[in-house]
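Examination of the molecular architecture
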Amino acid sequence: MPEHTTGRTTVLGSQEIQRALTRIAHEVVERSKGVDDVVLLGIPTRGVTLARRLAERLAAIEPAFDPEQSLGELDVTMYRDDLQRHPTRAVGVTTLPTAGIDDKIVVLVDDVLYSGRTIRAALDALSDLGRPRAVRLACLVDRGHRELPIRPDFVGKNLPTATSERVGVRLQEVDGGEDAVVISGRGPADPLETGAAR
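The following paragraphs examine the structure supplied in this document. Predicted, not measured: the structure shown is a model, and the values here were computed from it. (Residues numbered from 1 in each chain as written. Predicted model: local features only at pLDDT ≥ 70, side-chain atom pairs only at ≥ 80, totals over all residues. Heavy atoms only, no water.)

1. As for the overall build of the protein
Defined as follows: To qualify as a helix, a DSSP run of H or I must reach at least 4 residues; to qualify as a strand, a run of E must reach at least 2; elements of each kind are numbered from the N terminus. A 1.4 Å probe rolled over the protein chains alone gives each residue an accessible area, and that area as a share of the maximum for its type sets the label: buried under 20%, exposed over 50%, partly exposed in between. Any two residues whose heavy atoms approach within 4.5 Å at even a single point are treated as in contact.
If you tally the helices and strands in the protein, you get 5 helices and 9 strands. The order of α-helices and β-strands along the protein, N terminus first, is β-β-α-β-α-α-β-β-α-β-β-β-α-β. Buried positions account for 49% of the 198 residues belonging to the protein. Across the protein, contacts joining residues at least 24 apart in sequence account for 69% of those joining residues at least 6 apart.

2. Looking at the environment of P149
Structurally, the position occupied by P149 is in the loop between β6 (134-142) and β7 (154-158). Exposure remark for P149: the relative accessible area of 85% places this residue in the exposed category. A sequence separation of 33 residues divides P149 from G116, and the C-alpha atoms of the two residues are 7.7 Å apart.

3. Some points on the pattern of salt bridges
Quick note on the threshold: When a carboxyl oxygen of Asp or Glu is within 4 Å of a side-chain nitrogen of Lys or Arg, the pair counts as a salt bridge.
One pass over the full model with this rule turns up 12 salt bridges. Across the salt bridge formed by R53 and D179, the nearest N and O atoms sit 2.7 Å from each other. In this pair, R53 is assigned in helix α2 (residues 46-61) and D179 in the loop between α5 (172-175) and β9 (180-184), connecting sequence segments 126 residues apart. Judged by relative accessible area, D179 falls into the buried class, the value being 8%. Three or more residues are tied together by salt bridges with common partners; here these are D81, R117, R120, D124 and E147.

4. A short note on the nonpolar core
Grouped burial of nonpolar side chains is what soluble globular proteins tend to show. Let me state the cut-off plainly: Think of a nonpolar core as a cluster: buried Ala, Val, Leu, Ile, Met, Phe, Trp, Tyr and Cys residues, connected wherever their side-chain atoms sit within 4.5 Å.
Membership of the largest hydrophobic core comes to 31 residues, with the highest contact counts inside it found for L40, L58, V107, L140 and V181. It is helix α1 (residues 14-32) that contributes the most residues to this core, 7 residues altogether. Not counting residues up to four positions away in its chain, the partners in contact with V107 are V28, V38, V39, L40, L41, R136, A138 and F154. The next biggest cluster of nonpolar side chains, apart from the first, holds 19 residues, and it includes V39, V106, L113 and V155.

5. Details of the packing of α1 against α2
A pair of packed helices can be characterised by two numbers: the angle between their axes and the separation between those axes. Just so we agree on the cut-off: The axes used here are C-alpha line fits, helices contributing only the stretch in contact, and every angle between their N-to-C directions lies in the interval 0 to 180 degrees. An angle below 35 degrees is read as roughly parallel, one above 145 as roughly antiparallel, one from 65 to 115 as roughly perpendicular, and any other as oblique. Helix crossings are classified by the rotation of the near helix relative to the far one: an anticlockwise turn of less than a right angle makes the crossing left-handed, while a clockwise turn makes it right-handed. Charged means Asp, Glu, Lys or Arg here, nonpolar means Ala, Val, Leu, Ile, Met, Phe, Trp, Tyr, Cys or Pro, and polar covers whatever is left, Gly included.
Two numbers describe how α1 lies on α2: the axes approach to 9 Å, and their chain directions differ by 60°. In terms of axis orientation, α1 runs oblique to α2. You can see that α1 and α2 cross each other, and the crossing is right-handed. Two secondary-structure elements touch here, α1 through I17, Q18, L21, T22, I24, A25, H26, V28 and V29 and α2 through L50, R53, L54, R57, L58 and I61. Each residue belonging to the contact of α1 with α2 can be placed in one class, and the counts come to 10 nonpolar, 3 polar and 2 charged.

6. Some details on the sheet that holds strand β3 (residues 38-42)
Spelled out, the test is: At least two bridges found by DSSP between two strands is the condition for calling them paired.
The strand order across the open sheet built from 5 strands is β4-β3-β5-β6-β7, with neighbouring strands paired in parallel fashion. The open sheet has two edge strands, β4 (71-73) and β7, and neither has a second partner. Pairwise comparison of adjacent strand axes, ignoring direction, gives a mean angle of 25° for this sheet. Taken together, the 3 bridges between β3 and β4 define a ladder with parallel strand orientation. By the bridge assignment for β4, L41 is matched with G72. The sheet contacts of α2 involve β3, β4, β5 (105-113) and β6, and relative to β5 the element is tilted by about 130°.

Here it is in structure tokens:
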């Protein structure tokens, strides 16, 4: 049952997030027919943490998977189409695995999929970095309202929302406290509510 607190509804708790990530890891292994060529690239901020957790689960399923060699992060700041509206956006860091991404199965990892514009920026960034054999998308929450023809390959939870609602993913490593996915109504932007500009 969703938990309601001060105008916010918790739709996923810590255990449900853990189960969703474990299921996604198994789906990645099955779809990729193993893990030999799988590379995980997290999209900052919380996508990086989720990619790290997925890497740990892949290693538990397939001990041949080396998280240190197959995990990176992809900053998409300079590829976004809203830079003119938000010129002060901080540029992050892109870190690729040692083996690079050429001829690899790259799994982009993000927390909330919304408009699809962040993922479009990620695809543009990837094209400047190498030529993967395939690119797939894993997200913890798909909240709908796509503006581009982009859909995830692996989803923790499909979450129908109104455009006026905000979806926030809270992860212990980034935000402290317990993991949670919360929905709140229209109001001032909360820095933790990352689903509003995806």
